[in-house]
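# Summary of structural features
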Amino acid sequence: DAGVIQSPRHEVTEMGQEVTLRCKPISGHDYLFWYRQTMMRGLELLIYFNNNVPIDDSGMPEDRFSAKMPNASFSTLKIQPSEPRDSAVYFCASSFLGPDTEAFFGQGTRLTVV
Amino acid sequence: RKEVEQDPGPFNVPEGATVAFNCTYSNSASQSFFWYRQDCRKEPKLLMSVYSSGNEDGRFTAQLNRASQYISLLIRDSKLSDSATYLCVVNRHNQGGKLIFGQGTELSVKP
């Protein structure tokens, strides 16, 4: 298995533009997580899905952020409009629920909003 | 107050030293516990799970104290390659597998 695949790896965009981050989880995993990491706040959970259904989006900062999971092999995180304070590394992770659930992370998307 | 708290460090230690990291969690409903490792500009990866009875994996020992809501990681005979950020993680099964990460503790092992 190739692991969790995220694209793009790097994104530089201007303030006000729409940004779409993409994630392909590991096949067979039923949980998908979107995290954001900054120096100031560390790794923050934004939203997670179980069997393609959003379970908890309480970490989504505001209405400018939205996430979808149209099928078991694909998810998107969209920011519209983007702002400089959205600059961060965005990680997608997937897992298969069990007593000791390991989350496998993608390599992340480094977003810079100028 | 953050749900999972760690000393951010950095911990600067010489090769061969023993170093211990601590972590506290605030939600008593937490049921599974882990240590993840994150190298600079890389993604987090699972280092080890933490069991109630304590567990060891080579030079690494993890301990859990449910009564005090406290988790620890001990690294013996530290290597240069141990330099990384160590993340304490809790999983609340009653929230369907939601993983909560601490801020991480940075370790730098010097020759």
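Within each chain, residues carry numbers counting from 1 in the order of the written sequence. Numbering of ligands from 1 and lettering of chains from A proceed in the order in which they are written. Given that the model is predicted, a residue must reach a pLDDT of at least 70 before its local features are reported, and side-chain atom pairs must reach 80 or more before they are shown or counted; all residues, however, enter totals for whole chains, interfaces and linings. Only hydrogens and water are set aside when side-chain values are computed; all heavy atoms of the structure are taken into account.

The next point concerns the overall build of chain B. Secondary structure assignment for chain B yields zero helices and eleven strands. Start at the N end of chain B and walk to the C end: the helices and strands fall as β-β-β-β-β-β-β-β-β-β-β. Just to be clear, the radius of gyration here is over C-alpha atoms, and the globule rule we use is 2.2 Å times residues to the power 0.38. Here the C-alpha atoms of chain B give a radius of gyration of 13 Å, agreeing with the 13 Å that 2.2 N^0.38 yields for 111 residues. Taking the principal axes of the C-alpha coordinates as reference, chain B spans close to 45 × 30 × 20 Å. The buried share among the 111 residues of chain B stands at 47%. The criterion used for residue contact is that any of the two residues' heavy atoms lie within 4.5 Å. Pairs at least 24 residues apart make up 57% of the contacts formed inside chain B by residues separated by at least 6 positions. Of the roughly 5,200 Å² of accessible surface on chain B, 46% is carried by carbon and sulfur atoms. Asp and Glu count as negative and Lys and Arg as positive, but His and the ends of the chain are not part of the count. For this purpose, a charge sits on NZ of Lys, CZ of Arg, CG of Asp or CD of Glu. One way to put it: in chain B the 13 positive side-chain charges average out to a point 5 Å from where the 11 negative ones average out. Only DSSP runs of H or I reaching four residues or more are called helices, and only runs of E reaching two or more are called strands; each is numbered from the N terminus. Relative accessible area decides the class of each residue, using a 1.4 Å probe on protein chains only: under 20% of the type maximum gives buried, over 50% gives exposed, and in between gives partly exposed. Here the accessible surface of atoms and residues is derived via Shrake-Rupley with a 1.4 Å probe, and residues count as covered only by protein chains that are part of the display.

Let's shift gears to the interface of chain A and chain B. Taken together, the 24 residues of chain A in the interface contact 21 residues of chain B. Any Lys or Arg side-chain nitrogen located within 4 Å of an Asp or Glu carboxyl oxygen qualifies as a salt bridge. Inspection of the region where chain A meets chain B yields zero salt bridges. In protein, a polar contact means a hydrogen-donor-capable atom and an acceptor-capable atom, both N or O and within 3.5 Å, with residues adjacent in sequence counting only if both atoms are side-chain atoms; elsewhere, any N or O pair within 3.5 Å suffices. Where chain A meets chain B, there are four residue pairs in polar contact (both at pLDDT 80 or more). Secondary-structure elements contributing two or more residues to the side of chain A that touches chain B are β4 (31-38) and β5 (42-50) of chain A. Residues are grouped as follows: Ala, Val, Leu, Ile, Met, Phe, Trp, Tyr, Cys and Pro are nonpolar; Asp, Glu, Lys and Arg are charged; every other residue, Gly included, is polar. Split by residue class, the side of chain A that touches chain B holds twelve nonpolar, seven polar and five charged.

With that settled, consider the packing of aromatic side chains. Ring pairs are drawn from Phe, Tyr and Trp, using the six-membered ring of Trp, whenever the two centres fall within 6.5 Å, and their geometry is named by plane angle: stacked under 30 degrees, edge-to-face over 60, tilted for the rest. According to the stated counting rule, one finds 14 aromatic pairs over all chains in the structure shown. Measuring from centroid to centroid gives 5.3 Å for F11 of chain B and F21 of chain B, while their planes differ by 90 degrees, and the two rings are edge-to-face. With a gap of ten residues between them, F11 of chain B in strand β2 (residues 11-14) and F21 of chain B in strand β3 (residues 19-25) connect regions that are remote in the sequence. In this structure F21 of chain B comes out as buried when scored by relative accessible area, which is 1%. By the ring-pair criterion, three or more aromatic residues cluster together here, those being Y31, F33, Y35, Y48, F91 and F105 of chain A together with F34, Y36 and F101 of chain B.

Residues and elements named next belong to chain A. Pairs of cysteine sulfur atoms within 2.5 Å are what we label disulfides. Under the definition given, this model contains two disulfides over all chains. The partner cysteine of C23 in its disulfide is C92, sulfur to sulfur 1.8 Å. With the S-S bond torsion at -65 degrees, the cross-link from C23 to C92 turns out left-handed. With C23 in strand β3 (residues 19-24) and C92 in strand β9 (residues 88-95), this residue pair connects regions lying 69 residues apart in the sequence.

Looking now at the pairing of strand β5 (residues 44-50) of chain B. Residue and element names in this part refer to chain B. Think of it this way: DSSP has to see at least two bridges between two strands before they count as a pair. The sheet contact formed by strand β4 (residues 32-38) and β5 spans six bridges and is antiparallel. Its bridge partner being in β5, R37 is matched across the sheet by K45. Taken together, β4 and the strand that follows it, β5, pair antiparallel across an intervening segment of five residues, in which R41 is found at a positive phi of about 65 degrees.

Moving on, we get to the environment of L87 of chain B. Residues and elements named next belong to chain B. Its place among the elements puts L87 in strand β9 (residues 84-92). Residue L87 is classed as buried on the basis of its relative accessible area, which comes to 1%. Apart from residues no more than four positions distant in its own chain, L87 is found in contact with Q6, F34, W35, Y36, Q38, P44, F101, G102, Q103 and G104.

Turning to the pattern of salt bridges, a few remarks are in order. Summed over all chains, the structure comprises twelve salt bridges over all chains. One salt bridge connects E56 of chain B with R76 of chain B, and the closest N-O pair in it is separated by 3.6 Å. Of the two residues, E56 of chain B is situated in strand β6 (residues 55-57) and R76 of chain B in the loop between β8 (70-75) and β9; the sequence distance between them amounts to 20 residues. Owing to a relative accessible area of 57%, E56 of chain B belongs among the exposed residues under this scheme. Taking the relative accessible area as the measure of exposure, R76 of chain B reaches 26% and is therefore partly exposed. If you follow the salt bridges from partner to partner, you end up with E62, R64, E83, R85 and D86 of chain A in one network.

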